[in-house]
Amino acid sequence: MIRRLLAAALAVLATGTVAVVLQQPEPATAEPRGREPVVIGHRGASAHRPEHTLLAYETAIALGADYIEPDLVSTKDHVLVARHENEIGGTTDVENHPEFAGRRTTKTIDGASITGWFTEDFTLAELKTLRAEERIPDLRPDNTAFNGLAEIPTFDEVVALAKRSGVGVYPETKHPSYFDSIGLSLEEPLLDVLGRHGWRGSRDPVFIQSFETANLRELSKKTRLPLVQLITATGAPYDWIAAGDPRTYDTMVTPAGLRDVASYADGVGVDTRRIVPVGPDGRLLQPTPLIRDAHRAGLKVHTWTVRNENAQLPVDFRLGNPASPAYPRATGNVMGWLEKLYSLGIDGVFADDPGMANAVRERVF
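Caption draft 1: Seen up close, unusual backbone geometry. Omega for the bond connecting W304 with T305 falls within 30 degrees of zero, at -15°, which places this linkage in the cis form. In this fold, T305 is placed in strand 12 (residues 300-306). Notably, H52 is not glycine yet its phi reads approximately 55°, a positive angle. For H52, the location among the structural elements is in the loop between strand 1 (38-41) and helix 3 (54-62). For H175, which is not glycine, the phi dihedral falls at a positive 50°. Inspection of the secondary structure puts H175 in the loop between strand 8 (172-173) and helix 6 (176-181).

Caption draft 2: The packing of helix 5 (residues 155-165) against helix 7 (residues 187-196), seen in detail. Orientation of helix 5 relative to helix 7, taken along the N-to-C sense of each, is 35°, at an axis distance of 10 Å. Considering how the two elements wind past one another, helix 5 and helix 7 form a crossing that is right-handed. Mapping the contact onto sequence places F155, D156 and V159 in helix 5 and L190, V193, L194 and R196 in helix 7. Here the contact of helix 5 with helix 7 is built from residues that sort into 5 nonpolar, no polar and 2 charged.

Caption draft 3: Examining the packing of helix 3 against helix 5 more closely. With their axes 11 Å apart at the nearest point, helix 3 and helix 5 run at an angle of 20° to one another. Between helix 3 and helix 5, the angle is such that the two are roughly parallel. For the element pair helix 3 and helix 5, the recorded crossing hand is right-handed. Contacts from L54, Y57, E58 and I61 of helix 3 reach helix 5 at E157, V158, L161 and S165. The residue inventory of the contact of helix 3 with helix 5, partitioned by class, reads 5 nonpolar, 1 polar and 2 charged.

Caption draft 4: Inspection of helix 5 at higher detail. Along helix 5, the residues that are buried comprise F155, V158, V159, L161 and A162. Take helix 5 and look down its axis: the buried residues cluster within an arc of 160°, on one side only. Contact partners of the buried residues in helix 5: helix 3, strand 2 (67-68), strand 3 (71-74), strand 4 (80-82), strand 7 (168-169) and helix 7. The first or second residue beyond helix 5 is G166, which carries a positive phi of 75°.

Caption draft 5: Region of interest: the layout of surface pockets. By volume, the largest pocket is sized at about 790 Å³. Residue lining of the largest pocket: 43 residues in total, with F211, T232, D271, R273 and W304 positioned closest to the centre. Going through the elements one at a time, strand 8, strand 9 (208-210), helix 9 (238-242), helix 12 (272-275) and strand 12 are the ones with two or more residues in the lining of the largest pocket. Split into classes, the residues belonging to the lining of the largest pocket amount to 18 nonpolar, 13 polar and 12 charged.

Caption draft 6: Representation of the pattern of salt bridges within the structure. Under the counting rule described, the total for this entry stands at 26 salt bridges. Between E120 and K107 there is a salt bridge, and its shortest N-O distance comes to 3.0 Å. With E120 in the loop between strand 6 (112-116) and helix 4 (124-127) and K107 in strand 5 (residues 105-109), this pair connects stretches of sequence that are 13 residues apart. Here E120 matches K107 in class, with each residue buried. Put simply, R247 and D245 hold a salt bridge, and the shortest N to O gap is 2.7 Å. We classify D245 as partly exposed; its relative accessible area is 23%. Look at the salt bridges and you will find they share partners, linking R43, E51, D71, E134, R135, R140, R307 and D352 into a network.

Caption draft 7: Looking closely at the nonpolar core. Counting residues in each nonpolar core, the largest one holds 82 residues, and the members touching the most others are L194, V268 and L338. No other element matches helix 14 (residues 334-343), which puts 6 residues into this core.

Caption draft 8: Structural context of the packing of aromatic side chains. Evaluation of the coordinates by the stated rule reveals 9 aromatic pairs. Here Y178 and F179 contribute two aromatic rings whose centre-to-centre distance is 5.4 Å and whose plane-to-plane angle is 75°, an arrangement assigned as edge-to-face. The exposure class assigned to Y178 is buried, which follows from its relative accessible area of 10%. You can call F179 buried: its relative accessible area is 0%. Ring plane angle 75° and centroid distance 5.7 Å describe the contact between Y342 and F365, whose orientation is recorded as edge-to-face. Taken together, the residues span a long stretch of sequence, with Y342 in helix 14 and F365 in the segment after helix 15 (354-364) at a distance of 23 residues. For Y342, a relative accessible area of 1% gives the class buried. Its relative accessible area of 31% is what places F365 among the partly exposed residues. Its end group placed over the ring of W240, R247 keeps NZ or CZ at 4.0 Å from the ring centre.

Each value, and the rule that gives it
- Residues numbered from 1 in each chain as written.
- Predicted model: local features only at pLDDT ≥ 70, side-chain atom pairs only at ≥ 80, totals over all residues.
- Heavy atoms only, no water.
- Helix = DSSP H or I, 4+ residues; strand = E, 2+ residues; numbered from the N terminus.
- Axes fitted to C-alpha atoms, helices over the stretch in contact; angles between N-to-C directions.
- Left-handed = near helix turned anticlockwise from the far one by under 90°.
- Contact = heavy atoms within 4.5 Å.
- Nonpolar A, V, L, I, M, F, W, Y, C, P; charged D, E, K, R; others polar.
- Parallel < 35°, antiparallel > 145°, perpendicular 65-115°, else oblique.
- Buried < 20%, exposed > 50% of the residue type's maximum accessible area, 1.4 Å probe, protein only.
- Arc of directions from axis to C-beta.
- 1 Å grid on protein atoms, 1.4 Å probe; cavity = no way out; pocket = protein on both sides within 12 Å on 5 of 7 lines; lining within 4 Å.
- Points joined across faces, edges and corners; volume = space filled by probe spheres on them.
- Salt bridge = Lys/Arg side-chain N within 4 Å of Asp/Glu carboxyl O.
- Core = buried A, V, L, I, M, F, W, Y, C linked by side-chain atoms within 4.5 Å.
- Phe/Tyr/Trp six-rings, centres within 6.5 Å; stacked < 30°, edge-to-face > 60°.
- Lys NZ or Arg CZ within 6 Å of the ring centre and 35° of its normal.

Spelled out as structure tokens, the structure:
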């Protein structure tokens, strides 16, 4: 608790917007609960450091995150590393390495044609010669100051950091069907790393998440660690699409669909639009019954992703002059958006800035 209070104070001091919002609170309306919602550092603290680097994870921990989230892909020698995607042209300096120019290729990943450099074509030793770069510099120009400073971390390094720091990990298996198809299954090495660090049980600070369903069903038979079914605002799990299954994520969020999810998972990780839809004008509509229905099915509800920039917020919570060139990347009323989500009874939030999420949580709860 002391660490979280200090982190909340740090967030308030660091951001004037935070201080203003905290000085003029609206009444909290969160449903009574035995535990406060958890704060998940989305890819670390990606509002402050290039995502999926130890720099980002360390910053998330300092700002009070309860969990740090690595997206996991595999190397050629079957080591799990933290990257947003297996294509690394946009998140590393690989294009500046002439020795790897011949590795650039085009692949079909989950039905989409993608050109670039892919982790599964590199050994871990080769990947360690690269350096991370900010993925969306137009929205996060300050993060580019850290380009070139950090290696690509292994999952083992991320878990070791979490254990040293007293926080949990929330790994996502990226493109599990694709990695299965090339003989680099993600689930076995994931459980092996967690097991070697002593995390195997239902009470350990781990959530394993996936947008697909088959691998979560497989994992439910192999581990007691909590599992989370990810659900986007549209579309369907890729393994359903590949199998010709006509169901979509819309099917999954019905009461019957959530009861089915509860047969193999412990929670759902949903796009915020599944909780509070957005109208054609970008403004929020009335909340859906998803949180209530999921709780009735015995599922936790974590939502993603709360980001700082106006361009990433509902229109209701944007601040500043829309005519300004800086408006899309300017910080909006992210604190008000967090308070809105907390008031609806969520069990956890993925935040690019876990300091903000922690500061609001400390006040509301």
